[in-house]
Amino acid sequence: MPHAARRTVTLRDVAAAAGVSVATASRVLGGSSRAVAPEYERRVLAAAEALRYTADAAARAMRRGSEAITLVTDDLTTPAMGVVVSAMERQARMTGVFVTVSATHGALERQLETVRLLRALRPRALVLTSSRFRANALDDRLTDELRAYERAGGRVVIVGVRDRAFDSIAFDDHGAGRALGAHLAMTGHRRVAILAGPEDRANFAARVAGCAEGLRRGGVPARQVRVVPCEAGRDGGYAAVRRLIRSGPPEAVAAVSDVLAIGALAALREAGVPVPAEVSVAGIDDIQLAEDVTPRLTTVALPLAHVGAEAIRLALRETPEPEHLTVQGTLVIRGTTRP
């Protein structure tokens, strides 16, 4: 009988056998100038010999790549993303690498195109964040591109949702929304409008569901809760609340982002509706503007700077198994809500 074809041994196989990251195995086998701990070097060389590994062209190309960590995100202009990027850059400088950024506006085809281009440019790691990602449901084509990039020696970190295939950092968006709804219910608000943002944003949808749950658990009847889709920016919150004012303002506005809440405050102020005397307003994120508006904005603070620093740590770590983190929000009560 003919012998079965022998499976090609990949760099990932060697890394797994040695118990190190693909990037570390790549440095050892490619003769990189970057220092590798002697213990890791011995383990990689022993694994490569045992598996009879021969480096392929893709792996050699990755070893000639840059020390860049590239962030691929929907939109670089939002205040929340600005905090994440700033923290990434600070952490990267401390570890001798640098951060580049690319915006895709959340379009899958543009995400695919960007990742394919970046594979050719060979950054050391890719950090992807998108409000449209759903847990463990990255598009198959995008997943294939990211897996190919990792096989060539790179590392992938997904920020925003938990993804089993790659290192990931998830926000507990449902929990943040629930904390917001519970606070409004506890302080006696019964007619509540939830500014939901665009319907295709996975993180916003989770916050809406959590807020509705928090209100319901706090005794607010479902018929008294109005979910209002709107554009994502400040103008979306402003326009949505202008419409609410014409039909009779609610007792409270719960916005799925601080930017939406700030737009709501502007509309209420323009209409002469005092906050919080007649309408309470609250958001989620805790961007800098939340403390600068008058009155200061009640919000659920998300640890955005911590997430940026952790993204760099995951991108540079040595162990091959994916690590998954979930970060929680903290309710911060300020001047825009009251009983």
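Procedures and definitions
- Residues numbered from 1 in each chain as written.
- Predicted model: local features only at pLDDT ≥ 70, side-chain atom pairs only at ≥ 80, totals over all residues.
- Heavy atoms only, no water.
- Helix = DSSP H or I, 4+ residues; strand = E, 2+ residues; numbered from the N terminus.
- Buried < 20%, exposed > 50% of the residue type's maximum accessible area, 1.4 Å probe, protein only.
- Contact = heavy atoms within 4.5 Å.
- Areas by Shrake-Rupley, 256 points an atom, 1.4 Å probe, with all protein chains shown as cover.
- Lys, Arg positive; Asp, Glu negative; His and termini not counted.
- Charge placed at Lys NZ, Arg CZ, Asp CG, Glu CD.
- Pairing = 2+ DSSP bridges.
- Axes fitted to C-alpha atoms, helices over the stretch in contact; angles between N-to-C directions.

Participant: Explain the overall build of the chain to me, please; I cannot follow it from the model alone.
Facilitator: Within the chain, the secondary structure is distributed over 13 helices and 12 strands. Counting only C-alpha atoms, the chain reaches 80 × 50 × 30 Å along its principal axes. The 339 residues of the chain split such that 50% are buried. Look at the contacts in the chain between residues 6 or more apart in sequence, and 75% of them connect residues 24 or more apart. Carbon and sulfur atoms make up 52% of the accessible area of the chain, which totals about 15500 Å². Placing the 45 positive and 37 negative side-chain charges of the chain at their respective mean positions leaves the two points 1 Å apart.

Participant: What should I look at first to understand the sheet that holds strand S7 (residues 225-229) in this one?
Facilitator: The strands that make up a sheet are held in pairs by hydrogen bonds between backbone atoms, and each pair lies either parallel or antiparallel. Strand order across the open sheet formed by six strands is S7-S6-S8-S9-S10-S12, with mixed pairing between neighbours. Whereas interior strands pair on both sides, the edge strands pair on one side only; in this sheet they are S7 and strand S12 (330-332). Here the average twist between neighbouring strands, direction ignored, is 20°. As judged from the four bridges shared by strand S6 (residues 192-197) and strand S8 (residues 252-255), these two strands associate in the parallel manner. Bridge assignment links Leu195 to a residue of S8, and that residue is Ala255.

Participant: Any chance you could explain the sheet that holds strand S11 (residues 324-327) here in plain terms?
Facilitator: Taken in spatial order, the six strands make up an open sheet running S2-S1-S3-S4-S5-S11, and their pairing is parallel. The sheet is open, and its two edges are formed by strand S2 (98-103) and S11, each paired on a single side. Direction aside, the axes of adjacent strands within the sheet are offset by 15° on average. Where strand S3 (residues 125-129) lies against strand S4 (residues 155-160), five bridges are found, and the strand directions are parallel. Bridged to Leu128 within S4 is Ile158.

Participant: Any chance you could explain the environment of Ala182 here in plain terms?
Facilitator: Its place among the elements puts Ala182 in helix H8 (residues 173-186). Of the residues examined, Ala182 reaches a relative accessible area of 34% and is grouped as partly exposed. Between the C-alpha atom of Ala182 and that of Ala239, which follows or precedes it by 57 residues, the distance is 26 Å. Residues in contact with Ala182, not counting those within four places in the same chain, are Gly214 and Leu215.

Participant: Can you help me understand unusual backbone geometry in this one?
Facilitator: A negative phi holds for most residues other than glycine; trans holds for most peptide bonds. Omega for the peptide link from Val275 to Pro276 comes to 5°, which places this bond in the cis form. The residue Pro276 is located in the loop between helix H11 (258-270) and strand S9 (280-285) in this model. Across the junction of Thr294 and Pro295, the peptide omega takes the value -10°, indicating a cis bond. The phi angle at Arg122 is positive, at roughly 60°, despite the residue not being glycine. Residue position: Arg122 is located in the loop between helix H6 (108-121) and S3. You can call Arg122 partly exposed: its relative accessible area is 24%. The backbone of Asp285 shows a phi angle near 135°, a positive value even though the residue is not glycine. Relative to the helices and strands, Asp285 resides in strand S9. On the basis of relative accessible area, Asp285 is assigned to the buried category, the value being 8%.

Participant: What should I look at first to understand the pairing of strand S1 (residues 68-73) in this one?
Facilitator: The side chains of a regular strand alternate between both faces of the sheet. In terms of residue burial, S1 counts as a mostly covered element, since six of its six residues are buried. A two-sided burial pattern is seen for S1, the buried positions comprising Ala68, Thr70 and Val72 on one face and Ile69, Leu71 and Thr73 on the other. Across six bridges, the pairing between S1 and S2 is parallel. When the sheet's bridge partners are listed, Ile69 is paired in S2 with Val99. Pairing of S1 with S3, which is carried by five bridges, proceeds in the parallel orientation. Its bridge partner lying in S3, Ile69 is registered against Ala125.

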